[in-house]
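Structure at a glance
Each chain is listed here by its residues.
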Amino acid sequence: MALYQIKDLANDHRIAKRALDVCPPPEKLTQALSVVVQKWRTKSGVDNDRRDLDMNSQDVDAEKMTHFIRRNELRLVTEYNPVTAIGVMQSSLHLNLLLITDKMSPKHPERMRGYRAAAELFKGKILFILVDSNLKSNERTVSFFKLKKSQLPALAIFHTPDEEQDVLTLDEVSVERVQDFCNRFLQRVQKKEEEPEEKALNEEL
């Protein structure tokens, strides 16, 4: 199995197990996995972060390798769950946009088409996240933005450095609405960041 094929481990646990038998020494495998994760994130346009897997110990198995990739994989739209939460929190991007919605809804595929199309426009600027409101593990996320299930689907945007946030309830998830929501928030954050500089400049004058 070629080193670049290790990315397939995230899709098939059995491939991961087989890879352990045919892959190169641990130090080279560590480097390969790290590069794969970095290239994966860079190719998707999410960020250029690199994550390393410590394989010095002898207890690394197929399950740990698979978990490493799944935990650090960030897609164009990343579904939020207990596994991907670590990768989301460690991302270098400071802006997170959440689509909080019911995945069981008949409108879900259409909503995701619009959401993914909008994500293409903000590659490298905003981390697009899908939050399934049906999962009990996501209840705290929904309540954090002071949303009720009756108000969903909704967009929630969050700026991690200062915890600035905004929420938009909507029924149709169109590219235009998502783009407008993001642009307005980006302008707000930029204006807030420029205020201290303007104040300092005025004081000098």
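A brief report on the enclosed structure follows. (Residues numbered from 1 in each chain as written. Predicted model: local features only at pLDDT ≥ 70, side-chain atom pairs only at ≥ 80, totals over all residues. Heavy atoms only, no water.)

On to the packing of aromatic side chains. A ring pair, where both rings are aromatic, is described by two values, the distance of the centres and the angle of the planes. Counted under the stated rule, the structure contains 5 aromatic pairs. Between the aromatic rings of Tyr-115 and Phe-128, the centroid separation amounts to 5.0 Å while the plane-to-plane angle is 50°, which identifies the pairing as tilted. Of this pair, Tyr-115 sits in helix α5 (residues 108-121) while Phe-128 sits in strand β3 (residues 127-132), and the two are 13 residues apart along the sequence. On the basis of relative accessible area, Tyr-115 is assigned to the buried category, the value being 0%. Judged by relative accessible area, which is 1%, Phe-128 ranks as buried. Ring geometry for Phe-145 versus Phe-158: centroids 6.5 Å apart, planes at 85°, classification edge-to-face. Here Phe-158 lies in strand β4 (residues 154-159) and Phe-145 lies in the loop between α6 (139-144) and β4, a separation of 13 residues in the sequence. The class of Phe-145 is buried, set by a relative accessible area of 8%. (Phe/Tyr/Trp six-rings, centres within 6.5 Å; stacked < 30°, edge-to-face > 60°. Helix = DSSP H or I, 4+ residues; strand = E, 2+ residues; numbered from the N terminus. Buried < 20%, exposed > 50% of the residue type's maximum accessible area, 1.4 Å probe, protein only.)

Okay, the side chain of Thr-101 next. For Thr-101, the position within the fold is in strand β2 (residues 95-101). Side-chain polar atoms of Thr-101 contact the side chain of Arg-111, separated by 3.3 Å. With sequence-adjacent residues up to four places away left out, Thr-101 is seen in contact with His-108, Arg-111, Leu-130, Val-131, Asp-132, Ser-133 and Pro-153. (Polar contact = N/O pair within 3.5 Å; in protein donor to acceptor, adjacent residues only side chain to side chain. Contact = heavy atoms within 4.5 Å.)

No statement about biological role is implied by the geometric values presented.
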